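# Structural overview for review
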Amino acid sequence: MNATALRPILIVDDDEAILSSMELALSDEGYPVVVARNGRDALELARSASPRLILLDMKMPVMDGWAFAEAYRSQESQGGARAPIIAMTAAHDSERQAAEVAVDGYIAKPFDLNELLDLILRYSGN
């Protein structure tokens, strides 16, 4: 098992139902998971947990996905680890929103679990 496989997936979403169902589904698939309910908390977790992948809701209180992505890249440029970011959004223009924030990928809500698992495999390497 490689070192990436031991690093958790960080799920960032302010919707408790989405957060808990994703956490349960990914844990059931064998992925270690950490969760945050806003971008500010996610930034702290990203520093301490060094996630292998970040699943990021765009519209949240305290710090939204756009502000998180900018702050995360700023800490990355100061020598922090880099995890791919997958934007999760219910917006009709999800592809445009993902391009605006320059994330690695995106998934439109609501999404199919298999579609999410495919993205995780593609961007986390396992």
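Rules and cut-offs
Residues numbered from 1 in each chain as written. Predicted model: local features only at pLDDT ≥ 70, side-chain atom pairs only at ≥ 80, totals over all residues. Heavy atoms only, no water. Salt bridge = Lys/Arg side-chain N within 4 Å of Asp/Glu carboxyl O. Helix = DSSP H or I, 4+ residues; strand = E, 2+ residues; numbered from the N terminus. Buried < 20%, exposed > 50% of the residue type's maximum accessible area, 1.4 Å probe, protein only. Pairing = 2+ DSSP bridges. Core = buried A, V, L, I, M, F, W, Y, C linked by side-chain atoms within 4.5 Å. Arc of directions from axis to C-beta.

A separate point is the pattern of salt bridges. On inspection of all chains with the given rule, the structure shows five salt bridges. Measuring nitrogen to oxygen at the nearest pair gives 2.9 Å for the salt bridge that ties glutamate 16 to arginine 37. Note that glutamate 16 is positioned in helix H2 (residues 16-28) and arginine 37 in the loop between strand S2 (33-36) and helix H3 (39-49), a separation of 21 residues in sequence. Measuring nitrogen to oxygen at the nearest pair gives 3.1 Å for the salt bridge that ties aspartate 57 to lysine 109. Within this pair, whereas aspartate 57 is found in strand S3 (residues 53-57), its partner lysine 109 is found in the loop between strand S5 (105-108) and helix H6 (113-124), the two being separated by 52 residues in sequence. Grouping residues by exposure puts aspartate 57 and lysine 109 together as buried. A single salt-bridge network, built from bridges that share partners, covers Asp13, Asp57 and Lys109.

A few words on the pairing of S5. Residues Gly105 and Ile107 of S5 are buried on one face, while the alternating residues Tyr106 and Ala108, pointing to the opposite face, are not. Pairing of strand S4 (residues 85-89) with S5 involves four bridges; the strand directions are parallel. Bridging across to S5, threonine 89 finds its partner in alanine 108.

Another aspect to go through is the nonpolar core. Core analysis: the biggest nonpolar cluster contains 19 residues, and Leu10, Val12, Ile54, Leu56, Phe68, Tyr72 and Ile85 have the highest contact counts within it. Broken down by secondary-structure element, the contributors of at least two residues to this core are strand S1 (9-12), S2, H3, S3, helix H4 (65-77) and S4.

Among all positions in H3, only Gly39, Ala42, Leu43 and Ala46 are buried. Taken around the axis of H3, the buried residues stretch over an arc of 105°, which confines them to a single face. Pointing more than 90 degrees away from the buried face of H3 are the exposed residues Glu44, Arg47 and Ser48. At the C-terminal side of H3, serine 50 shows a positive phi close to 45°.

As a further point, take the pairing of S3. With five of its five residues buried, S3 lies for the most part within the structure. Alternating residues of S3 divide into Leu53, Leu55 and Asp57 and Ile54 and Leu56, and every residue in both groups is buried. Bridge count between S1 and S3: four bridges; the pairing is parallel. Note that in S3 the partner of leucine 10 across the bridge is isoleucine 54. Inspection of the sheet shows S3 paired to S4 by four bridges, in the parallel sense. Considered in S4, the bridge of leucine 55 is made with isoleucine 86.

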